[in-house]
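Structure assessment
Spelled out, the chains give:
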Amino acid sequence: MDNDDATDQREPHQRAPPAPVAPATLAALGILAWKVPPATPAGDARLAAIRAARGYSYQDTVEISRATLAGYDAKLKAFYEEHVHTDEEIRYVLSGSGYFDVRDGGDAWIRILVKEGDLIVLPEGIYHRFTLDTSNYVKVNRLFVGEPVWTAHNRPQEEGEAAPSRARYVESFLQGGVKAT
Ligand code: KMT
Ligand code: NI
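A brief look at the structure comes next.

Definitions and cut-offs
- Residues numbered from 1 in each chain as written.
- Chains lettered and ligands numbered in written order.
- Predicted model: local features only at pLDDT ≥ 70, side-chain atom pairs only at ≥ 80, totals over all residues.
- Heavy atoms only, no water.
- Helix = DSSP H or I, 4+ residues; strand = E, 2+ residues; numbered from the N terminus.
- Rg over C-alpha atoms; globule rule 2.2 N^0.38 Å.
- Buried < 20%, exposed > 50% of the residue type's maximum accessible area, 1.4 Å probe, protein only.
- Contact = heavy atoms within 4.5 Å.
- Areas by Shrake-Rupley, 256 points an atom, 1.4 Å probe, with all protein chains shown as cover.
- Lys, Arg positive; Asp, Glu negative; His and termini not counted.
- Charge placed at Lys NZ, Arg CZ, Asp CG, Glu CD.
- Donors = N, O, S within 2.8 Å, 3.2 Å for Na, K, Ca; no water.
- Tetrahedral: all angles 85-135°; square planar, octahedral: opposite > 155°, others 65-115°.
- Near = heavy atom within 4 Å.
- Polar contact = N/O pair within 3.5 Å; in protein donor to acceptor, adjacent residues only side chain to side chain.

Bringing the overall build of the protein into the picture now. Across its full length, the protein carries 4 helices and 9 strands. Starting at the N terminus and ending at the C terminus, the protein contains elements arranged as α-β-α-β-α-β-β-β-β-β-β-β-α. Against the 2.2 N^0.38 benchmark of 16 Å for 181 residues, the protein shows a C-alpha radius of gyration of 16 Å, consistent with a compact globule. Here the protein, with 181 residues, has 42% of them falling under the buried criterion. A fraction of 73% describes how many contacts in the protein between residues 6 or more apart in sequence connect residues 24 or more apart. When the accessible surface of the protein is totalled, it reaches about 9500 Å², and 55% of it is carbon and sulfur. Of note, the protein has its 20 positive side-chain charges centred 2 Å away from the centre of its 26 negative side-chain charges.

Put into structure tokens, the structure is as follows:
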């Protein structure tokens, strides 16, 4: 994505000329993604198989819009602060759309559009943020292994790159190639 902080975060922020990111680049950053058509027998079966394979025992639904999410403005602001979690962030888009931004190996932002039927897994320890797009609406399932922990640790973390989740991520996917915060 571009580096234009003056333009609304909900805009696409496509670079000029466009700089598309190959699926293999996202895979190398530890990001997993599937197409899972919602409310279809094939989609339900695929979701069940992914949940079983990855141990995603927990699931709930969040509808992000001004009318449906308490504390909408504060939550959207928090989602767009660069942060990490101590677990995977797993989101399955039932309807609507939005953008997950993730840091690449050179610490530049990659913008990932997610829309209906996209199931995405951000690995533990990856720096990321989320914004709605100009449709201002997304409904997602949140999945988790066991009891969910949604705590966001904003960058820079107190422990910096030594925070355990971050250190595991750097070792697994960046091989120490990213500079300390
Ligand atoms: C997070 O931690 O970044 C979020 O939960 C984003 C909102 S889910 C589309
Ligand atoms: Ni997050």
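This is not the end of the story, as more comes after the structure.
Note on metal sites: the ideal angle is 109.5 degrees for four tetrahedral donors, and 90 or 180 degrees for six octahedral donors. Protein coordination at the nickel ion (ligand 2) comes from His83 (NE2), His85 (NE2), Glu89 (OE) and His128 (NE2), with a distance range of 2.0 to 2.1 Å. Every donor counted, the 6 donor atoms about the nickel ion (ligand 2) form angles of 55 to 174° at the centre, which fits irregular coordination. Every donor residue of the nickel ion (ligand 2) comes from the same chain, spaced as H-x1-H-x3-E-x38-H. Accessibility expressed as a relative area gives 5% for histidine 83, which makes it buried.

A few words on the site of ligand 1. Taken together, Ile64, Phe79, His83, His85, Glu89, Arg91, Phe100, His128 and Phe130 make up all the residues around ligand 1. Histidine 85 is positioned with one of its side-chain polar atoms (N or O) 3.0 Å from an oxygen atom of ligand 1. In this structure, glutamate 89 approaches ligand 1 through a side-chain N or O atom, which is 2.9 Å from an oxygen atom. In isolation ligand 1 has 300 Å² of accessible area, and contact with the protein removes 92% of it.

By secondary structure assignment, the location of glutamine 157 is in the loop between strand E9 (153–154) and helix H4 (164–174). With a relative accessible area of 10%, glutamine 157 lands in the buried category. Glutamine 157 has contacts with Val84, Tyr127, Ala163 and Arg166, leaving out every residue within four places of it along the chain.

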